[in-house]
Amino acid sequence: MRIAKRCVCCGSADLARSPAVLMPFVAARAFGWESVEITPDWGLRDLPAGWAHSLCATLACDACGLLFLDMRFDDAEMAALYADYRGPAYRTLRERFEPGYGARNAILEAGSTYIPAIEALLAGHLPAAPRVLDWGGDTGLNTPFRDGAALHHVHEISDRPLVPGAARVSAAEAARNTYDLVVSAQVLEHVPDPRATVRAMAAAVGPETLLYVEVPHETLMREAADPEARRLSKRHWHEHVNFFTEASLRAVLASAGLAVLRCLSHPVEAGGRVGHVFSVLARREPSQPAAPGTARNTP
Ligand SMILES: [Zn+2]
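Residues numbered from 1 in each chain as written. Predicted model: local features only at pLDDT ≥ 70, side-chain atom pairs only at ≥ 80, totals over all residues.

1. Examining the overall build of the protein
Scanning the protein from terminus to terminus reveals 10 helices and 16 strands. Rg of the C-alpha trace for the protein: 20 Å, near the compact-globule value of 19 Å for 299 residues, within the 12% margin. Taken over the C-alpha atoms alone, the protein extends approximately 70 × 40 × 35 Å along its principal axes. Looking at the protein as a whole, 36% of its 299 residues are labelled buried. By sequence separation, contacts in the protein at least 24 residues apart represent 68% of the contacts at least 6 residues apart. (Helix = DSSP H or I, 4+ residues; strand = E, 2+ residues; numbered from the N terminus. Rg over C-alpha atoms; globule rule 2.2 N^0.38 Å. Buried ≥ 20, exposed ≤ 12 C-beta atoms within 10 Å, placed from the backbone. Contact = placed C-beta atoms within 7 Å.)

Here it is in C-alpha cells:
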C-alpha cells in the first residue's frame, strides 16, 4: 500500500486532507488488520484507553474535485480484497463486521434492473448486434446488450464463473480484438490508479469503438456543494476509494487520449433502491497515435 501524494485523476498536488478511518471489513480483507481495544492493562502511560481503528485520510483535489482515500492498495491487497468477490468467505467476514450484509447482497446478486435504461442511452451509437467488451464486468451478468451481442467478452481479475455466452479475455487479447462497445461500469470507484486502469482499457478502444464508463455519483458529492464540507463529512472509507466529480472523470479519460461525447448524472434504480450514477460516453481522440502493440489502431 502506498499513500497518494497527488490526485489520482488529474495529477494535481493541490490536495486538502482530513483524518478518517478505513472500515474494519476492508482493513481485515486487504491487510489482515483488526480494530483493537486499548485497555489499562496494556500499561501505556501516554495513551488513553479506547478503540483503535485503522487510521487513514480523506484527500480532496482542489483542481478537479475528486475526493479519495489516501491509501492506494497494491496488487496483492486488491487481490485479497476482491478474491471470490461476494462469495462465501467474503460474505461471512462481511456479515461479521456489518450484520445484515447477507440480505442486502442477495438483492445485489439478482442483477441490476436499470440496464435497459443504459442500453437506450447507448443504442443510437451502436450497430444492432454490437461486439462488447465488459472491463471489470464480474460474471458478465450486467453487461449491456448481452442477450443480443455478437460478441460478449469479459475482462475481470476475479475468477467467478461467467454467464452463458460470455468469454473471458486477458488485457492483451482485448487489445488485439475489435469492439463496438467497451463498458466499464462500477469499476473506477474501486481501483487504486484510475489513470492506469483507463489507459489499459483504452488499448481495446479502436477508432470506431464507443467507450461507456459508469461510476456512482455519490450522495455526499451531490448533496454537499462546498468542497470543504464534503471533505469534512467523509470520515470513513469502504470499497469505493474514489468519489468522482464530472471534472475528475473528464481528467482521467483525457489522460488516456479519450474525448467525452456526453457526461450525465442521473438516478437509477437497483435492488429497490434509487442511486445516482455518472454515465460517460467517450471515443478515442482522432489525433491520438496508435497505442503500442495495437496495429488495429494504426491510421
Ligand atoms: Zn484532481
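2. Examining unusual backbone geometry
One non-glycine residue, Arg-86, adopts positive backbone phi at about 65°. Relative to the helices and strands, Arg-86 is located in the loop between helix 2 (75–82) and helix 3 (88–97). Judged by the 15 C-beta atoms lying within 10 Å of it, Arg-86 falls in the partly exposed class. For Phe-145, which is not a glycine, the phi torsion comes out positive at approximately 65°. For Phe-145, the position within the fold is in the loop between strand 8 (131–135) and strand 9 (151–155).

3. Considerations on helix 10 (residues 246–254)
The α-helix winds at 3.6 residues per turn, so residues separated by three or four positions along the chain end up facing the same way. Where helix 10 is concerned, the buried positions are Ser-248, Leu-249, Arg-250, Ala-251, Val-252 and Leu-253. Residues of helix 10 that are buried sit in contact with strand 5 (54–61), helix 7 (194–202), strand 15 (258–270) and strand 16 (273–284).

4. Examining the sheet that holds strand 10 (residues 167–168)
Whether parallel or antiparallel, the strands of a sheet pair through hydrogen bonds between backbone atoms. Pairing within the open sheet is mixed, and its seven strands lie in the order 10-9-8-11-12-16-15. Here the strands that pair on one side only, and so sit at the sheet edges, are strand 10 and strand 15. When strand 9 meets strand 10, the two strands line up parallel, connected through two bridges. Residue pairing for strand 10: Val-154 is matched across the bridge by Arg-168. Contacts between helix 10 and the sheet are confined to strand 15 and strand 16, with strand 15 contributing the most and set at about 135° to the helix. (Pairing = 2+ DSSP bridges. Axes fitted to C-alpha atoms, helices over the stretch in contact; angles between N-to-C directions.)

5. Notes on the sheet that holds strand 2 (residues 15–22)
Read across the open sheet, the five strands follow the order 13-2-5-6-14; overall the sheet is mixed. Edge positions in the sheet fall to strand 13 (236–237) and strand 14 (242–243), since each has one partner strand and no second. Of the strand pairs in this sheet, strand 5 and strand 6 (residues 67–69) are connected by three bridges, and their pairing is antiparallel. Pairing of Leu-59 across the sheet is with Phe-68, part of strand 6.

Keep in mind these numbers describe shape, not what the thing actually does.
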